[in-house]
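Letter by letter, the chains look like this.
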Amino acid sequence: MNPTAAIIIIGNEILSGRTQDININYIARHLAIAGIKLKEARVIPDDPKVIIHTVNEIRAAVDYVFTTGGIGPTHDDITSDCIAEAFGVPNQIHPESFKLLEDYIGKENFNEARQRMAHLPLGATPIANPVSVAPGYVIGNVYVMAGVPQIMQAMLDNIIPTLRHGDPIISKTWYAYHASEGKVAADLNNIQNQFPQTDIGSYPFYKNEKQNGVALVTKGQDQHAVEQAAKAIYELLIRMGYQPQEGEPL
């Protein structure tokens, strides 16, 4: 079976709407390519009890957990303290990370706040950060990454090759302008029943009065089944009088 994963996005700024998360999309797409099935994604506040409970609950349920956010130098960057408590270990200075940061920032500027970024839970292994040096880390099956998208992406790119991969998840999409979900729903359900090894989704889109319709997506690990289901969807759209186009709506 393919490995499973979950994402935990940590940060009050996401929940308040101040910052728009784009990390889930990046992680999900790269996991799919690696054949790792994303089971869920949660957005949680900077609350120690919530972080500890969520990490312990999810790490017991999936093969890999990816967290983003809360490993910077400020008072609200509490992720590492919480991860350490979740694993029952101290959060302490990691000598190699301390030296790396001190050399990068400069001893005269490497104040107490910045030294917080060199604290890792005991037993954690650093994840390289080629953008700003401050490391993420892995402990158990939990991968702790920065919330800044550019940094998170660089960290994830280092992580993906080290994970157990599965069969890639294949996806094929047909969309049609002015298509109606209600009109295709019954036949689409029949196609899903005919190809139970695939996941078929219907996603309405609306850009303006002329550019609106439905995108029908087929996903799965069985390439033949995905292609056959997608062919059936194409034929359904033609039969309904629509002009199907392949790919995502422009």
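These lines cover the structure that appears in this document, whether it is placed above or below. Computed from a prediction, not measured in an experiment: that's the story for all the values here.

1. A closer look at the side chain of aspartate 46
Mapping aspartate 46 onto the fold places it in the loop between strand S2 (37-44) and helix H3 (48-59). No salt bridge forms around the buried aspartate 46; measuring N to O, its nearest opposite-charge neighbour arginine 116 is 9.8 Å away. With residues near it in sequence (within four places) discarded, aspartate 46 still touches Ile10, Gly11, Asn12, Glu13, Ile51, Asp76 and Ile78.

2. Description of the environment of alanine 86
Take alanine 86: it is sitting in helix H4 (residues 79-87). Residue alanine 86 is classed as buried on the basis of its relative accessible area, which comes to 10%. Apart from residues no more than four positions distant in its own chain, alanine 86 is found in contact with Ile52, Val55, Asn56 and Arg59.

3. Quick notes on the pattern of salt bridges
Scanning the model with the defined rule gives five salt bridges in all. A salt bridge links glutamate 57 to arginine 42; the nearest nitrogen and oxygen atoms lie 3.1 Å apart. With glutamate 57 in helix H3 and arginine 42 in strand S2, the pair connects residues that are 15 residues apart, well separated along the chain. The class of glutamate 57 is partly exposed, set by a relative accessible area of 36%. The class of arginine 42 is partly exposed, set by a relative accessible area of 23%. Look at the salt bridges and you will find they share partners, linking Glu40, Arg42 and Glu57 into a network.

4. A look at H4
Taken as a whole, H4 has its buried residues at Thr79, Ser80, Cys82, Ile83, Ala84 and Ala86. Where H4 terminates, the next one or two residues include glycine 88, which has phi positive at roughly 70°.

How each quantity is defined
- Residues numbered from 1 in each chain as written.
- Predicted model: local features only at pLDDT ≥ 70, side-chain atom pairs only at ≥ 80, totals over all residues.
- Heavy atoms only, no water.
- Helix = DSSP H or I, 4+ residues; strand = E, 2+ residues; numbered from the N terminus.
- Buried < 20%, exposed > 50% of the residue type's maximum accessible area, 1.4 Å probe, protein only.
- Lys, Arg positive; Asp, Glu negative; His and termini not counted.
- Salt bridge = Lys/Arg side-chain N within 4 Å of Asp/Glu carboxyl O.
- Contact = heavy atoms within 4.5 Å.

Just geometry here; none of it tells us what the structure is for.
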